[in-house]
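Spelled out from the first residue to the last, the chains are:
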Amino acid sequence: MASFAPYTYIQCPCHESANQGRPVDDISSRTSDDDLPEDEDRAFDPRAARSNYSLYPLEYLLYCDVCHQIRCPRCVAEELVTIYCPNCLFEVGSSSIKTEGNSCFQCPICIGPLAVQSLESAPPEASLLTADNTGAGTPSGPWILTCSYCNWNSSEIGVKFDKPQGIFAQLSKLRHGEDHHNKHPTGGNISPKKTDAVPETIKARFAAMKSFYSSQNNSNSSNSSLTGIGGDYGFSSPGALSRIMNLYSGNNNMGSLKPKPKSSIMREADSASEGFRVSDLDESAAVSKLRRVGWDGTVTSDQAKSQVEEGARFADELWPIPYLLRAKRSKRCPVCRHIISKPESKVGNTRWRIRLVANNYIPSISVKPLNPGEPLQPLQPAQFLLTFKNPIFEDIKVTLATPATTPGRFASRVTVLCPEFHIDANTDTDMYLDDVLKDGEKESRRNKGDDGTNQGEAGKVWERGRNWVSIVVEVIPASLREEESPTKRGSPDSGPRPLKEDEDILEIPMFVRLEWEGDVSQDQVGTTAGKEKDTREKKELAYWCAIGIGRISQE
């Protein structure tokens, strides 16, 4: 049997967003408890397909100290703090991303960084080493992108630049054909994919087709009562909804008998200059090129996927790849809009200004067997220790609840011997002395057993420390062998069904309720710093968690 590590996953309350987003009229119309859906009365099922999107380890969760609720990566609202390049670590402004882009590129062959170098450098001279003639040997254009690892350069695909700045804009003009002949008179700057008047790239064809249909909509808007998207009846118009309702209800022509003008028929794009392209099924040129360059001249699947635009088949069709920009993000609570996570804005700084992780507010739960070395045998009781560790500086009252049997095809029985207990505050006073005393009491209590086995008692805490408590949970694993139903006996489906993935894991759904007293939050309306400085309020937190105990033996 493969080794198994016990785990604890916590459910985020965002799984109830469907009920929270219900209209107010629907909620107010319910006057009795009988109208509530059945899902609200059921226990949490960690094996349900929907539960996979709401269970997280404690290290992945955040905590809102205003709402006193758990927040997961799916429910928080993210905001951009800084956008930067991972290669040069320079910050990129949000306004210049589309216009200037990223000037750092990767090699399309080996994904290494590309550097800008002059193609025609000045010849080396001895006088260049002196300080008097430092500016005499300044390199001039044209410029190319070179890779220092595999010695690839952009001149292999016929791409050269007039200046070393603004590489992204120059490369876009070369590839998409924007005023290429006027701005790049040098013969070496001509892109291999550029033709005279026909747009060849995907972006160029899309721009040509968009311009064509926009002109069609504008020409027909004055003659037709129904215009397309972007016209008078477009969805962006403020009165679009009212005009559409009047159109279908007939209120628009109640007092007018004037016939509507006949709408003209829109013409479809039928030429290459308008963005229309006929699929070329002749592969003879590609086959002859493959025979000439061989297998080494083709691109790999990874190289083709890393390209910005698809369609590259051979190595001379690969273009430099711009580095994907990274971003630092701050996270807000979706309910109160309180910032719960915010990094430093500087790119080189890895610290956090605000970081409210749930591990600092919610007790952690660890699982270990009471008698190590004993596997989970079907229909044989086993006891496990659940250790709750309090991270805050207040005493916490913990209340646990579990269903009598675990959900799923194989129902195991679960009993929490001590469902209600208190955990002391996380204080640093006499911490070393307390730990030594607890270890001594632990050894003396274990030596009191007559039969040498450890057994938990109902209603009692197994072990208590400075800010942690251990309780005993008793489980009776179910048998993994299904009993044959009398009604299906003799049918083709009468045999036992095979086990699904991880179906032999004993997973316990547990409802945890925390109660403690803390200082009044300063974000609440009506609080004053002078009068209510020492005022304390009662705080509560309740959530579901899934505890993985171990694998049930199939022998």
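This part is about the overall build of the protein chain. When helices and strands are tallied, the protein chain shows 9 helices and 21 strands. In the protein chain, 68% of the contacts between residues at least 6 apart in sequence involve partners at least 24 apart. Carbon and sulfur atoms form 51% of the exposed surface of the protein chain, whose accessible area is close to 35200 Å².

Before going further, it helps to spend a moment on the nonpolar core. Within soluble globular proteins, side chains that are nonpolar tend to cluster in buried spots. Counting 47 residues, the largest nonpolar core has Leu400, Phe421, Ile471, Val475 and Tyr543 as its most contacted members. In terms of residue count, the dominant contributor to this core is strand β20 (residues 505–519) (6 residues). Of all hydrophobic cores here, the second largest spans 14 residues; its members include Cys107, Leu114, Trp143 and Val159.

So, about the pattern of salt bridges. Tallied over the full model, the rule gives 16 salt bridges. Ionic pairing is found between lysine 289 and glutamate 317, a salt bridge with its closest N-O pair at 3.9 Å. Taken together, the residues span a long stretch of sequence, with lysine 289 in helix α7 (residues 284–293) and glutamate 317 in the loop between α8 (301–306) and β9 (321–322) at a distance of 28 residues. Owing to a relative accessible area of 16%, lysine 289 belongs among the buried residues under this scheme. By relative accessible area, glutamate 317 is classed as partly exposed at 21%. For glutamate 344, the salt bridge is made with arginine 353, and the minimal N-O distance between the two is 3.4 Å. Arginine 353 gets classed as exposed once you look at its relative accessible area, which sits at 52%. Taken together, the salt bridges that share partners define one network made up of Arg513, Glu515, Lys538 and Glu540.

Where helix α3 (residues 167–176) is concerned, the buried positions are Ile167, Gln170, Leu171, Leu174 and Arg175. Burial along α3 is one-sided: seen end-on, the buried residues are contained in an arc of 125 degrees.

Right, let's get into the sheet that holds strand β12 (residues 352–355). Two strands in a sheet stick together by hydrogen bonds in their backbones, pointing the same way (parallel) or opposite ways (antiparallel). Ordered in space as β5-β10-β11-β12, the 4 strands form an open sheet in which the pairing is antiparallel. Of all the strands in the sheet, the pair left with one neighbour each is β5 (77–84) and β12. The average angle at which neighbouring strand axes cross in this sheet is 25 degrees, direction not considered. Pairing analysis gives 3 bridges linking strand β11 (residues 339–343) to β12, with the strands arranged antiparallel. Residue pairing across strands places serine 341 opposite arginine 355, the latter belonging to β12.

The backbone of histidine 68 sits at a positive phi, close to 55 degrees, despite the residue not being glycine. Taking relative accessible area as the criterion, histidine 68 reaches 14% and is therefore assigned buried. The backbone of leucine 89 shows a phi angle near 60 degrees, a positive value even though the residue is not glycine. As for its position among the elements, leucine 89 is in the loop between β5 and β6 (105–106). What makes leucine 89 partly exposed here is its relative accessible area of 48%.

Take serine 51: it is sitting in the loop between α2 (24–28) and β2 (55–56). When the C-alpha atoms of serine 51 and alanine 546 are compared, they prove to be 9.9 Å apart, with 495 residues separating the residues in sequence. Residue contacts for serine 51: discarding those within four places in its chain leaves Phe44, Asp45 and Pro46. Within polar-contact distance, the side chain of serine 51 engages the backbone oxygen of aspartate 45 at 2.6 Å.

Our next topic: the environment of leucine 62. Tracing the chain through its elements places leucine 62 in strand β3 (residues 62–64). Sequence separation of leucine 62 and cysteine 333 is 271 residues, and the distance between their C-alpha atoms is 9.4 Å. Excluding residues within four positions of it along the chain, leucine 62 makes contact with Gln69, Ile70, Arg71, Lys331, Ile340, Ser341, Arg355, Leu356, Val357 and Ala358.

Evaluated as defined, the whole model comprises 7 aromatic pairs. Chaining the aromatic ring pairs together yields one cluster made of Phe4, Tyr7 and Tyr9. Between arginine 355 and the ring centre of tryptophan 352, over which it is positioned, the NZ or CZ distance is 4.3 Å.

Working note: regular strand, side chains alternate between the two faces of the sheet. Bridge analysis of strand β14 (residues 382–389) against strand β19 (residues 468–476) gives 8 bridges, and the strand direction is antiparallel. Bridging across to β19, glutamine 383 finds its partner in glutamate 474. The pairing of strand β16 (residues 413–416) with β19 spans 4 bridges and is classified as antiparallel. Note on β19: the bridge partner recorded for valine 416 is valine 473. Relative to β19, strand β18 (residues 463–464) is paired through 2 bridges, and the arrangement is antiparallel. By the bridge assignment for β19, arginine 464 is matched with valine 469.

Okay, the sheet that holds strand β15 (residues 396–401) next. Spatially, β2-β1-β21-β20-β15-β17 is the arrangement adopted by the 6 strands of the open sheet, whose pairing is antiparallel. Every other strand in the sheet has two partners, leaving β2 and β17 (420–423) as the edge strands with one partner each.

Let us now look at the confidence of the model for the protein chain. Mean pLDDT over the protein chain stands at 76; residues scoring 70 or higher make up 68%. Between residues 179–196, whose pLDDT stays under 50, and residues either more than four places distant or in other chains, the model counts 33 contacts. Scored below 50 in pLDDT, residues 443–452 makes 3 contacts in the model with residues more than four places away or belonging to other chains.

Turning our eyes to something else, we now look at the side chain of threonine 146. By the element assignment, threonine 146 lies in strand β8 (residues 140–147). At 3.4 Å, the side chain of threonine 146 and the side chain of glutamine 117 are in polar contact. Apart from the residues lying within four places of it in its own chain, the contact partners of threonine 146 are Pro113, Leu114, Ala115, Gln117, Trp152 and Asn153.

Looking at where glycine 311 falls in the secondary structure, it is placed in the loop between α8 and β9. Spatially, the C-alpha atom of glycine 311 lies 9.9 Å from that of isoleucine 202, the residues being 109 residues apart in sequence.

One pass over the full model with this rule turns up 0 disulfides. Note on cysteine 85: no disulfide assigned, nearest cysteine sulfur contributed by cysteine 104 at a separation of 3.8 Å. Taking the relative accessible area as the measure of exposure, cysteine 85 reaches 1% and is therefore buried.

Cut-offs used in this document
- Residues numbered from 1 in each chain as written.
- Predicted model: local features only at pLDDT ≥ 70, side-chain atom pairs only at ≥ 80, totals over all residues.
- Heavy atoms only, no water.
- Helix = DSSP H or I, 4+ residues; strand = E, 2+ residues; numbered from the N terminus.
- Contact = heavy atoms within 4.5 Å.
- Areas by Shrake-Rupley, 256 points an atom, 1.4 Å probe, with all protein chains shown as cover.
- Core = buried A, V, L, I, M, F, W, Y, C linked by side-chain atoms within 4.5 Å.
- Buried < 20%, exposed > 50% of the residue type's maximum accessible area, 1.4 Å probe, protein only.
- Salt bridge = Lys/Arg side-chain N within 4 Å of Asp/Glu carboxyl O.
- Arc of directions from axis to C-beta.
- Pairing = 2+ DSSP bridges.
- Axes fitted to C-alpha atoms, helices over the stretch in contact; angles between N-to-C directions.
- Polar contact = N/O pair within 3.5 Å; in protein donor to acceptor, adjacent residues only side chain to side chain.
- Phe/Tyr/Trp six-rings, centres within 6.5 Å; stacked < 30°, edge-to-face > 60°.
- Lys NZ or Arg CZ within 6 Å of the ring centre and 35° of its normal.
- pLDDT = per-residue confidence, 0-100.
- Disulfide = S-S within 2.5 Å.

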